[in-house]
Amino acid sequence: MSKIKFHLGEEIPLELHKVRVVQKLHLVPIERRFEAIKEAGFNTFRLSTKDVYLDMLTDSGTNAMSDKQIAAMFQADDAYAGSQSFARLYSAVQDVLGKKFLLPVHQGRAAENIICRAFMKKGNVIPMNYHFTTFLAHVLENGGKIEELLCDHALDFSSDHQFKGNIDINKLEECIQRNGVENIPFIRMEASTNLIGGQPFSISNMMDVRRVADKYGIMLVLDASLLGENAYLVKQREEQWKENTMGDIIKMMVGLADLVYFSARKLTSSRGGGICTNRKDLYQKMEALVPLFEGFLTYGGISVREIEAMAVGMYETLDEDMICQSPMFIKYLVESMASHGIPVVTPPGVLGAHVNAMDFCSHIPQNQYPAGALAAAFYLVSGIRGMERGTISSVRDENGEEILADVELLRLAVPRRVFTLSQVKYVVDRITWLYENRNMIGGLKFVYEPPVLRFFMGGLEATDDWPERLMAKFRKDFGDSL
Ligand SMILES: *Cc1c(COP(=O)(O)O)cnc(C)c1O
């Protein structure tokens, strides 16, 4: 994957940047971590970073910014309307994404809110490769439902299928015919399919989806939050695109979609988000919703400083040396974990490494949330905060029954240019110890369950005293180590 060869044989991800500003981290003793995870209701979202050593919860708003982004923030033009900062972002979007119209929004889910309100009606069906939590919540909010049309192998955890984010074209045709074109306002494709392990789609697949969209006259919407990394993996894995630049690949993918939206928290490592299109009719359907929910059309709820950082970050998406960093570290992390026998999703994708909790904790029934339990247990024994991506992140049906998730994953996000190789080695060390003691991990149950997006603020407790026993085993094996 890397262009650099090593004399000593071990292939390591090499940083192509240097550290100039640092933040002190806190590795607190396991006794404090035990208190902290209890206070947090065994939900890693509710931990405070003062109790967290490596924050691998998400890449959202946590990628390191570049010196050029920070510098640009100083030239921000504080104006409610007609800000020059917005003009710079607008130029960047035209240059990099090649779209004529841009609507700024405060983050990715705000774009989802506007798109769903503008284009969906009650009873509509949205076909897609796979859902993202906030997108699904907006579809449900607008009285619709989704169909996930992933290719075969997408949910095989250990696979060497290079494009597990691809849509199955036959399933797409079947879905359209069964539901009727009139009930499908758009098809959604998500770059680097987040919830199944940051797995990309290929350009040839997107071209096939485009052909189906054209055949039926249905709009194609691209969730471009993780576009840079998808483009990088296309360059690595799709033969026809090996010789192309990141810019060519990005333009190609974006060009195939009628409407593109993104979370700038990921795409440009700043804040904010955007919706862009070349079609005036689509732009006009959404235009009035931005001042209503976000703010005036030249800031959309984003601070002008962040808009400046977004503009620079948009250009940096074209820089392969920057975009390659997170996938290279993830590849190293995934391969190291796999070499210790840990069940981890392969091939390595983007965003983070994904541990298969269904396998790791095969003794925990799915309605006791194996991925949530693993996330809590891993924090306890390491101070590392990952994220549950499984049934806790799912929803209940109309009758209040759990909809068991297709996957139970512990996601360990690797934000761009944030962690060092030694820190990644510490992750491998602690997860391996936990794997050897996996039978000690027990289940969780809800004590506080919010009705919408419950995984964010929900509170749980252990089904018995397994956390105490795990802590005692840690002390036995590690002595007074942190
Ligand atoms: C994070 C994310 C979103 C939502 O973006 P926010 O800025 O967190 O609201 C939407 N889609 C994908 C694929 C994402 O990864």
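Please read all numbers here as calculations on a predicted model, not as lab measurements.

### What about a nonpolar patch on the surface?
Among the surface-exposed residues, Leu140, Val395 and Ile403 lie close enough to one another that they form a single nonpolar patch of about 210 Å² accessible area. Mapped onto the elements of the fold, Leu140 is located in helix 5 (residues 133-141).

### Quick look at the sheet that holds strand 12 (residues 409-413)
One key point about sheets: their strands pair by backbone hydrogen bonds, in either a parallel or an antiparallel sense. Pairing is antiparallel across the open sheet formed by three strands, whose spatial order is 9-12-11. The open sheet has two edge strands, strand 9 (352-356) and strand 11 (387-389), and neither has a second partner. Adjacent strand axes in the sheet meet at a mean angle of 30° when their direction is disregarded.

### What to know about unusual backbone geometry
For the bond running from Thr346 to Pro347, omega is -5°, close enough to zero to count as cis. The backbone of Tyr369 shows a phi angle near 60°, a positive value even though the residue is not glycine. Mapped onto the elements, Tyr369 comes out in the loop between helix 16 (357-360) and helix 17 (370-382). You can call Tyr369 buried: its relative accessible area is 3%.

### As for the site of the ligand
Around the ligand, a shell composed of 14 residues is seen, among which Arg109, Asn194, Asp223, Ser263 and Lys266 lie nearest. In the model, an oxygen atom of the ligand is placed 2.9 Å from a nitrogen or oxygen of the Gly108 main chain. At 2.9 Å, a side-chain N or O of Asn194 approaches an oxygen atom of the ligand. Calculation on the ligand without its partners gives an accessible area of 380 Å², and the protein chains cover 98% of this total. Sorting elements by how many residues they give to the shell around the ligand places helix 4 (residues 108-119) first, with three residues. For the shell around the ligand, the per-class residue count stands at one nonpolar, seven polar and six charged.

### Looking at the packing of aromatic side chains
To describe a pair of aromatic rings, you give the distance between the ring centres and the angle between the ring planes. Under the defined criterion, the tally for this structure stands at 15 aromatic pairs. With 5.1 Å between their ring centres and 65° between their planes, Tyr80 and Tyr299 make a pair best called edge-to-face. Highlighted residues: Tyr80 in the loop between helix 2 (67-73) and helix 3 (84-97) and Tyr299 in the loop between helix 12 (289-293) and helix 13 (304-316), separated in sequence by 219 residues. Here the aromatic rings of Phe135 and Phe186 are separated by 6.3 Å at their centres, their planes lie at 75°, and the arrangement is edge-to-face. A residue pair is termed long-range when its members are at least 10 positions apart, and Phe135 in helix 5 and Phe186 in strand 5 (residues 186-190) qualify at 51 residues.

### Observations regarding the domain arrangement of the protein
Assigned domains of the protein: these are domain 1 (30-59 + 322-478) and domain 2 (67-318). In this structure, domain 1 and domain 2 have C-alpha centres spaced 28 Å apart. With 27 residues of domain 1 at the contact, the number on the domain 2 side is 35 residues. Summed over both sides, the interface between domain 1 and domain 2 buries roughly 2500 Å², with carbon and sulfur atoms accounting for 60% of that surface. Of all residues in domain 1, Ile323, Pro347 and Val350 bury the most surface against domain 2, accounting for 22% of the area lost on that side. Linking domain 1 with domain 2 are one salt bridge. The partner of Arg416 in a salt bridge is Glu229, and the shortest N-O contact between them spans 3.0 Å. At the surface where domain 1 touches domain 2, the tally comes to ten residue pairs in polar contact (both at pLDDT 80 or more). Taken together, the elements giving at least two residues each to the side of domain 1 that touches domain 2 come down to helix 14 (320-323), helix 15 (325-339), strand 9, strand 12 and helix 19 (454-457). A class-by-class count of the residues in the side of domain 1 that touches domain 2 yields 16 nonpolar, five polar and six charged.

### Let's talk about the environment of Phe378
Secondary-structure assignment places Phe378 in helix 17. Judged by its relative accessible area of 0%, Phe378 falls in the buried class. Put simply, Phe378 and Ile441 are 63 residues apart on the chain and 9.6 Å apart in space, counted from C-alpha to C-alpha. Excluding its chain neighbours within four sequence positions, the residues that come into contact with Phe378 are Gly383, Ile384, Leu410, Leu412, Val427, Arg430, Ile431 and Leu434.

### A word on the environment of Asp359
Within the element layout of this structure, Asp359 appears in helix 16. For Asp359, a relative accessible area of 44% corresponds to the partly exposed category. Along the primary structure Asp359 and Leu233 are separated by 126 residues, whereas in three dimensions their C-alpha atoms are 27 Å apart.

### A few points about helix 1 (residues 30-39)
Those residues of helix 1 not exposed but buried are Ile30, Arg33, Phe34, Ala36 and Ile37. Viewed end-on, helix 1 has its buried residues packed into an arc of 165°, placing them on one side of the element. Packed against the buried residues of helix 1 are helix 17 and helix 20 (466-478). Following helix 1 by one or two positions, Gly41 has its phi on the positive side, about 60°.

### A look at the side chain of Arg416
As for its placement among the helices and strands, Arg416 is situated in the loop between strand 12 and helix 18 (421-436). Among the residues examined, Arg416 registers a relative accessible area of 3% and is labelled buried. A polar atom in the side chain of Arg416 sits 3.0 Å from the side chain of Glu229. Side-chain polar atoms of Arg416 contact the backbone oxygen of Lys266, separated by 3.4 Å. Not counting residues within four places of it along the chain, the set of residues in contact with Arg416 comprises Asn63, Ala64, Glu229, Lys266, Leu267, Ser269, Met322, Ile323 and Ser326.

### Section: helix 8 (residues 227-237)
Most of helix 8 is tucked away: ten of the eleven residues are buried. All buried positions along helix 8 are accounted for by Leu227, Gly228, Glu229, Asn230, Ala231, Tyr232, Leu233, Val234, Lys235 and Arg237.

### A look at the pairing of strand 3 (residues 125-128)
Along strand 3, one buried face is formed by Val125 and Pro127 and the opposite face, lined by Ile126 and Met128, is buried too. Judged from the four bridges that link them, strand 3 and strand 4 (residues 145-148) form a sheet pairing that is parallel. Each bridged residue has a counterpart across the sheet, and for Ile126 the counterpart in strand 4 is Ile146. Of the crossover connections in this fold, the one passing from strand 3 over helix 5 to the parallel strand 4 is right-handed.

The rules behind the values
- Residues numbered from 1 in each chain as written.
- Predicted model: local features only at pLDDT ≥ 70, side-chain atom pairs only at ≥ 80, totals over all residues.
- Heavy atoms only, no water.
- Patch = residues over 30% accessible without salt bridge, like charges linked within 9 Å, V, L, I, M, F, W, Y side chains within 5 Å.
- Areas by Shrake-Rupley, 256 points an atom, 1.4 Å probe, with all protein chains shown as cover.
- Salt bridge = Lys/Arg side-chain N within 4 Å of Asp/Glu carboxyl O.
- Helix = DSSP H or I, 4+ residues; strand = E, 2+ residues; numbered from the N terminus.
- Pairing = 2+ DSSP bridges.
- Axes fitted to C-alpha atoms, helices over the stretch in contact; angles between N-to-C directions.
- Buried < 20%, exposed > 50% of the residue type's maximum accessible area, 1.4 Å probe, protein only.
- Near = heavy atom within 4 Å.
- Polar contact = N/O pair within 3.5 Å; in protein donor to acceptor, adjacent residues only side chain to side chain.
- Nonpolar A, V, L, I, M, F, W, Y, C, P; charged D, E, K, R; others polar.
- Phe/Tyr/Trp six-rings, centres within 6.5 Å; stacked < 30°, edge-to-face > 60°.
- Domains from an automatic or database assignment.
- Contact = heavy atoms within 4.5 Å.
- Buried area = accessible area lost by both parts, 1.4 Å probe.
- Arc of directions from axis to C-beta.
- Right-handed = clockwise from strand over helix to strand, strands pointing away.

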